[in-house]
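Here is how the chains run, residue by residue.
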Amino acid sequence: MDLQTQQKQKAAEAAVEYVVEGEYLGVGTGSTVSFFIGALAQSGKKVKACISSSEATTRQLLAFGFPVIELNEIEGRIPVYVDGCDEIDPNFNMIKGGGAALTGEKIVAQASDKFVCIADESKLVKQLGAFPLPLEVIPKAVEQIMVSMKGIRGEPTVREVITDYGNNIIDVKGLQIKEPLKLEEAINQLPGLVTCGIFAKRGADILILGTPDGVKITKKKSKFSLKK
Ligand code: 5RP
């Protein structure tokens, strides 16, 4: 196992502690999450049910014997959502969607109280944008959204994948994302855009990072500080 994979595994194992027994659990998508599902199964911790972010994750969860239900079947909130990322910055804004599951991930993350991000240390960056930004797009809008992305100096390409919802993914290279929230909101306005891979409006709350020195756990800095 290479170093990056080992770091993913360690971060995933550490996330098991954040799972609340007997409660709903939101589960993301990707290779780091696959390690998390395996570690959770091995821990013997029992959840009420999992709310999955993708068909791939649903298959894995069922294979490990976890109960899986649809988000529409629950009325309240999900206490904890565990997922990986493609990039995360010091303010816990992320780029996600490398696995084409960004829409399901954003929906389940938004319904969750705590987003626990699990990643190897290569994912921590000063500024988002070196990883091509994934956009899920309704097929009819692909060309128009490509034009819009070129208009902000992006280099868009269409990925050879169809999402769980029958849509296309456009990957946009060359964006220097100085203001993630502003860019997320602007891209979200484009007609035919289903989901932008910037997760700033709903960023992570806790980062569990696998590093060569072990796992580092950081909480998102609060915007407010107590008066002295
Ligand atoms: C899938 C994602 C993944 O969280 C992201 O691509 C990271 O994947 P991995 O854990 O395999 O590095 O956003 O859409």
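Just so we're clear, the structure is a prediction, and the values are computed from it rather than from any experiment. (Residues numbered from 1 in each chain as written. Predicted model: local features only at pLDDT ≥ 70, side-chain atom pairs only at ≥ 80, totals over all residues. Heavy atoms only, no water.)

### Some details on the site of the ligand
Residues in close proximity to the ligand total 17 residues, the closest being Ser31, Thr32, Asp86, Gly97 and Lys123. Contact between the ligand and alanine 101: an oxygen atom at 3.2 Å from a main-chain N or O atom of the residue. In this structure, glutamate 105 approaches the ligand through a side-chain N or O atom, which is 3.1 Å from an oxygen atom. Notes on the ligand: free accessible area 380 Å², of which the protein chains cover 91%. Of the residues contributing to the shell around the ligand, the split by class is three nonpolar, eight polar and six charged. (Near = heavy atom within 4 Å. Polar contact = N/O pair within 3.5 Å; in protein donor to acceptor, adjacent residues only side chain to side chain. Areas by Shrake-Rupley, 256 points an atom, 1.4 Å probe, with all protein chains shown as cover. Nonpolar A, V, L, I, M, F, W, Y, C, P; charged D, E, K, R; others polar.)

### Observations concerning the packing of aromatic side chains
Taken as a whole, this structure holds one aromatic pair when the rule is applied. The ring of phenylalanine 199 has lysine 106 lying over it, and the distance from NZ or CZ to the ring centre is 4.8 Å. (Phe/Tyr/Trp six-rings, centres within 6.5 Å; stacked < 30°, edge-to-face > 60°. Lys NZ or Arg CZ within 6 Å of the ring centre and 35° of its normal.)

### Quick notes on unusual backbone geometry
Phi angles above zero are rare outside glycine, and phenylalanine 92 is one such case at about 70°. By the element assignment, phenylalanine 92 lies in the loop between strand 5 (87–88) and strand 6 (94–95). Located in the positive-phi region is arginine 153, a residue other than glycine, with phi close to 65°. Here arginine 153 falls in the exposed class, since its relative accessible area comes to 72%. (Helix = DSSP H or I, 4+ residues; strand = E, 2+ residues; numbered from the N terminus. Buried < 20%, exposed > 50% of the residue type's maximum accessible area, 1.4 Å probe, protein only.)

### Considerations on the domain arrangement of the protein chain
Bring the parts together and some accessible area is lost; that lost area is often taken as the interface size. By domain assignment, the protein chain separates into domain 1 (3–125 + 201–219) and domain 2 (133–196). The C-alpha-based centres of domain 1 and domain 2 are spaced at 24 Å. Taking both partners together, domain 1 and domain 2 bury about 1200 Å²; carbon and sulfur atoms supply 57% of that area. Counting every contact that joins domain 1 to domain 2 gives one salt bridge. We note a salt bridge from lysine 106 to glutamate 184, for which the minimum N-O separation is 2.7 Å. Connecting domain 1 to domain 2 are eight residue pairs in polar contact (both at pLDDT 80 or more). When residues in the side of domain 1 that touches domain 2 are grouped by element, the largest group, four residues, is from helix 4 (residues 102–110). Each residue belonging to the side of domain 1 that touches domain 2 can be placed in one class, and the counts come to three nonpolar, seven polar and five charged. (Domains from an automatic or database assignment. Buried area = accessible area lost by both parts, 1.4 Å probe. Salt bridge = Lys/Arg side-chain N within 4 Å of Asp/Glu carboxyl O.)

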